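# Architecture and fold: a report
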Amino acid sequence: MNKEEKAKEKAKLKSYRHNIEHAYLSALNDTIHKLNKKKEVVTFKHHEKEDKRGAFLVELKSQLEQHTTRTVNILGKNENTIAFQNNLIDAIMKSNTKIVHKHKHLINQRKLIPRILSLIESIEPEEE
Amino acid sequence: MTEKKKDPVSSQYQKDVEYTVELLQQSKESQETKFSHLNDAYLTSAKKHLYNEETGEYEYKKLKKEETAKAFAKDVTQKLKDVYQTITGHDLKKSKLKGFDDKLLEAYFGLNSKYVERLFVDRRDELTSGQFAQEMLQHTYQLKRQEDNTAVQHITDRKHLDEIIKITKVDSARINKDDMEIDHGHQMLKTYVTNEQEMPTKELEKLPFYVPIEKPKGKKVNMKNNQDIAA
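Let me begin by describing the structure that accompanies this report.

About the criteria used
- Residues numbered from 1 in each chain as written.
- Chains lettered and ligands numbered in written order.
- Predicted model: local features only at pLDDT ≥ 70, side-chain atom pairs only at ≥ 80, totals over all residues.
- Heavy atoms only, no water.
- Contact = heavy atoms within 4.5 Å.
- Buried area = accessible area lost by both parts, 1.4 Å probe.
- Salt bridge = Lys/Arg side-chain N within 4 Å of Asp/Glu carboxyl O.
- Polar contact = N/O pair within 3.5 Å; in protein donor to acceptor, adjacent residues only side chain to side chain.
- Helix = DSSP H or I, 4+ residues; strand = E, 2+ residues; numbered from the N terminus.
- Nonpolar A, V, L, I, M, F, W, Y, C, P; charged D, E, K, R; others polar.
- Buried < 20%, exposed > 50% of the residue type's maximum accessible area, 1.4 Å probe, protein only.

## Quick word on the interface of chain A and chain B
Across the contact, 27 residues belong to chain A and 34 residues belong to chain B. Taken together, both faces of the contact between chain A and chain B bury some 2,700 Å²; the carbon and sulfur share is 51%. Considering only the side of chain A, the residues that lose the most area to chain B are His22, Arg70 and Arg110 of chain A, jointly responsible for 25% of the buried surface there. Applying the counting rule to chain A against chain B returns zero salt bridges. At the junction of chain A and chain B, the tally comes to 11 residue pairs in polar contact (both at pLDDT 80 or more). Examining the composition of the side of chain A that touches chain B, we find that 10 residues originate from one element, helix α1 (residues 3-35) of chain A, more than from any other. For the side of chain A that touches chain B, the residue count by class is 10 nonpolar, 11 polar and six charged.

Given below as structure tokens:
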């Protein structure tokens, strides 16, 4: 791969990461609005109950899958990129699950977002 | 049977503390709500200005153009105004005072249309959804801190401290009240509300007036060491 192609790949990956961040934030936003009865008030109070935390995670995963249906196209859809995206979604959900169960009712967007964004930034695709 | 009358003065201190807890609780919830609406405003505007229907990609490079950045910012502000109207029930269009809607936006979200426009014009394509979210998390946290400090402002008397100890259900044996300052009372209330109206021991231990539980005396005798010392 020459210099120009490498720069193009790098730009693609950067755009891909930004789109995954966007997908995560959209998924979180949709999940919160879906699970909070009043759309105008957002609270994580109910997370003290384990079943509520479970419902939050299930909804988040479903939203994340919906928001990432097309992001893989940015990298060029093939076996490797699909596997990379699946691993990334798994890692995002694993980290969310850990944070949500650890902090219970103390969970908030301040705890979730920065950690997930740095996770998205840190995971590299496997070299072909 | 005679009913025990409440001292009106101490009852006022109790009311002050209860009201402060209520304000701190509101401030906590409003931080989550405000951030969520700010994030939502960005995502909605991005769908309109950055999304490429054909590829399914959000193209941040579109924000490099000043006119796109300005249009993006305008839509973010409009969305925030709509949310403000829904939350408060105030019809912003009814006001005849120029810029009044902006003032209300500033009072609630801590930002106005000029601020939002500057943010997007200055940062352009660097202001991705992730970057915007990080900035707004910081912004709403600062707002919360200001609101919290305002909420505790009327806790000014040492008599309030007794009520704070009562409401936080802290074991009075674990604290030295004479070492307590008014600021400590503020801190206790903030911690209590942050922790869903509980005062965790590990938080209490950090405070300078905390009296630690004495560990039972009498150490285990290590025979080997004793022999060494004797030798």
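## Topic: the side chain of Thr81 of chain A
All names here are of chain A. You can see Thr81 is positioned in helix α4 (residues 79-103). A polar atom in the side chain of Thr81 sits 2.9 Å from the backbone nitrogen of Asn78. Sequence-distant contacts of Thr81, that is, excluding residues within four places in its chain, are made with Val72, Leu75 and Gly76.

## Details of the pattern of salt bridges
Side-chain pairs of opposite charge can arise whenever the charged atoms involved come near each other. All names here are of chain B. If you walk through the whole model with that rule in mind, you get 19 salt bridges over all chains. The residue Lys34 makes a salt bridge to Glu147 at a minimum N-O spacing of 2.8 Å. Pair noted here: Lys34 is in helix α1 (residues 8-49) and Glu147 is in helix α5 (residues 129-151), with a separation of 113 residues, a long-range link. Judged by its relative accessible area of 4%, Lys34 falls in the buried class. For the salt bridge of Lys62 with Glu59, the shortest nitrogen-to-oxygen distance reads 3.5 Å. The exposure class of Lys62 is partly exposed, given its relative accessible area of 31%.

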